[in-house]
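Architecture and fold: a report
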Amino acid sequence: MKVYLDNAATTSTDKRVVESMLPYMTEIYGNASSLHGYGREAAKAVDESRAKIATLFNAKPQEIYFTSGGTESDNWALRGVAYANKKNGKHIVTTAVEHPAVMQTCAQLEKEGFEITYLPTGTDGRIDISDLKKAVRDDTILVSVMFANNETGAIMPIKEIGAFCKENGIVFHTDAVQAISSIKIDVDKYGIDLLSLSAHKFHGPKGIGLLYIRSGVKIDRLIFGGHQERTYRAGTTNTPGIVGMAKALELADSEMEENNIKIKQMRDRFIERVLNEIPDCKLNGGREHRLVSNANFSFDYIEGESILMTLDLHGIAVSSGSACSSGSLEPSYVILATGASIEEAHSSIRFSFGKDNTMEEAEYAADILRDEVAKLRSWSPLFKEIKGESINV
Ligand code: PLP
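Residues numbered from 1 in each chain as written. Predicted model: local features only at pLDDT ≥ 70, side-chain atom pairs only at ≥ 80, totals over all residues. Heavy atoms only, no water.

**Describing the overall build of the protein chain**
Across its full length, the protein chain carries 14 helices and twelve strands. Against the 2.2 N^0.38 benchmark of 21 Å for 393 residues, the protein chain shows a C-alpha radius of gyration of 22 Å, consistent with a compact globule. A burial count over the protein chain gives 56% of its 393 residues as buried. In the protein chain, of all internal contacts separated by at least 6 residues, the share reaching a separation of at least 24 is 72%. By element, 52% of the accessible surface of the protein chain is carried by carbon and sulfur atoms, the whole surface being about 17100 Å². Here the protein chain carries 44 positive and 54 negative side-chain charges, and the mean point of each set is 4 Å from the other. (Helix = DSSP H or I, 4+ residues; strand = E, 2+ residues; numbered from the N terminus. Rg over C-alpha atoms; globule rule 2.2 N^0.38 Å. Buried < 20%, exposed > 50% of the residue type's maximum accessible area, 1.4 Å probe, protein only. Contact = heavy atoms within 4.5 Å. Areas by Shrake-Rupley, 256 points an atom, 1.4 Å probe, with all protein chains shown as cover. Lys, Arg positive; Asp, Glu negative; His and termini not counted. Charge placed at Lys NZ, Arg CZ, Asp CG, Glu CD.)

Here's what the structure looks like:
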């Protein structure tokens, strides 16, 4: 059996999305900036997609800028606002648990003379709004807080942050890459000025995303070149990607309720079984304010990577730390921020469910996980020592 439980890393492209894109690769393949018929047809599809997407967020079409994905959108939001507003101040507030796309951009901005405050999180993986209130200063030009975390699934208090930023005239950016498939986002209701998205996280194609920029926000360009995206983001328009993203977003929106119920049932059953059947393990992050798709555990006495590899041998795909930071031996900074020990952070594993999963798959994954954790522990000298068993040498 093959079971894909890594939907936070990326999702399958929905067949209906692929179908919507195909004509824009094989028939209407013109450059959307060209003046001839091929170009005009492509431009029409881009305009229609932009309008559809804007409606779903309660935004205006001219506030949607297409990018290559979440990483570019995050880079643009942070650097663009920092450079355009540096005369007013050089202080930015973010959190200690942002995706590397934000963390690394902040590290670069620090090198360029900006000052960044990283807000801590509680054991539930969420920031406390009072910490944000204490952190802002007269020279704060931007607050960037992710909508939901990619490792713990923790949903941040976005409405309160948006309201606070609005009251204080501070630009508010949110990385909504992980949230968008399960939470309906109205940019006015949440007080959001900039929002990053990536299509491959909600059954759209890879390599396409967007940055929502509220009219009036001062932001510099990041990519220089042609006149695409009203001169704000150069590069030949990715017409099939844009059409596919609009279709994926439409489907995510119209099928959200039904998908959320199904995904939550599988995820909850999985959590209950793991906590009941596997000793010495802990759910990282809180149960409330958590994405319906996410389960993240630490298993005492064993490394996350060993579990990942073992599950892989059984056809089960999961993630240790975030997909983008795994490969490094550093313990997950997100799990550490929840107050976990270094050992717990090293042994964390993320299971992320999606609309294509079935309850049978969730049960299978729980069975295999229970048996394999027991097996790995039986080979662990540390486990034997702590549990008082003799070690064969
Ligand atoms: N932000 C978050 C919260 C993410 O989870 C990811 C991807 O894992 C990104 C940004 C980067 O998005 P992309 O893969 O489209 O560059």
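**A closer look at the environment of Asp371**
In this fold, Asp371 is placed in helix H13 (residues 359-378). Judged by relative accessible area, which is 40%, Asp371 ranks as partly exposed. Along the primary structure Asp371 and Thr13 are separated by 358 residues, whereas in three dimensions their C-alpha atoms are 32 Å apart. Looking at Asp371, its side chain comes within polar contact range of the side chain of Arg370, at 3.0 Å. (Polar contact = N/O pair within 3.5 Å; in protein donor to acceptor, adjacent residues only side chain to side chain.)

**Describing a positive patch on the surface**
A cluster of basic residues, Lys86, Lys87, Lys90 and Lys218, forms a positive patch on the protein surface. Inspection of the secondary structure assignment puts Lys87 in the loop between helix H4 (70-85) and strand S3 (91-95). The exposure class assigned to Lys87 is exposed, which follows from its relative accessible area of 85%. (Patch = residues over 30% accessible without salt bridge, like charges linked within 9 Å, V, L, I, M, F, W, Y side chains within 5 Å. Salt bridge = Lys/Arg side-chain N within 4 Å of Asp/Glu carboxyl O.)

**So, unusual backbone geometry**
Most peptide bonds take the trans form, and the phi angle of most residues other than glycine is negative. Phi angles above zero are rare outside glycine, and His203 is one such case at about 65°. Residue placement: His203 occurs in the loop between strand S7 (194-198) and strand S8 (209-213). Here His203 falls in the buried class, since its relative accessible area comes to 10%.

**A word on helix H5 (residues 100-111)**
The terminal C-alpha atoms of H5, which comprises twelve residues, lie 16 Å apart, in line with the 16 Å expected from a rise of 1.5 Å per residue. Taken together, the buried positions of H5 are Pro100, Ala101, Val102, Met103, Thr105, Cys106 and Leu109. Packing partners of the buried residues in H5 comprise H4, S3, strand S4 (115-119), strand S5 (140-144), strand S6 (171-175) and helix H11 (333-337). Looking one or two residues past H5, Gly113 carries a phi angle of roughly 100°, positive in sign. (Expected span 1.5 Å × (residues − 1).)

**A few points about the packing of aromatic side chains**
Under the counting rule described, the total for this entry stands at eleven aromatic pairs. For the ring pair Phe147 and Tyr190, a centre distance of 5.1 Å and an interplane angle of 70° mean the geometry is edge-to-face. One end of the pair, Phe147, is in the loop between S5 and helix H7 (158-167); the other, Tyr190, is in the loop between S6 and S7, and 43 residues separate them in sequence. With relative accessibility at 1%, the residue Phe147 sits in the buried group. In textbook terms, an aromatic cluster arises when at least three aromatic residues are bridged by ring pairs, as seen for Phe270, Phe297, Phe299, Phe351 and Phe353. The cationic tip of Lys159 hangs over the ring face of Tyr190; the distance from NZ or CZ to the ring centre is 5.4 Å. (Phe/Tyr/Trp six-rings, centres within 6.5 Å; stacked < 30°, edge-to-face > 60°. Lys NZ or Arg CZ within 6 Å of the ring centre and 35° of its normal.)

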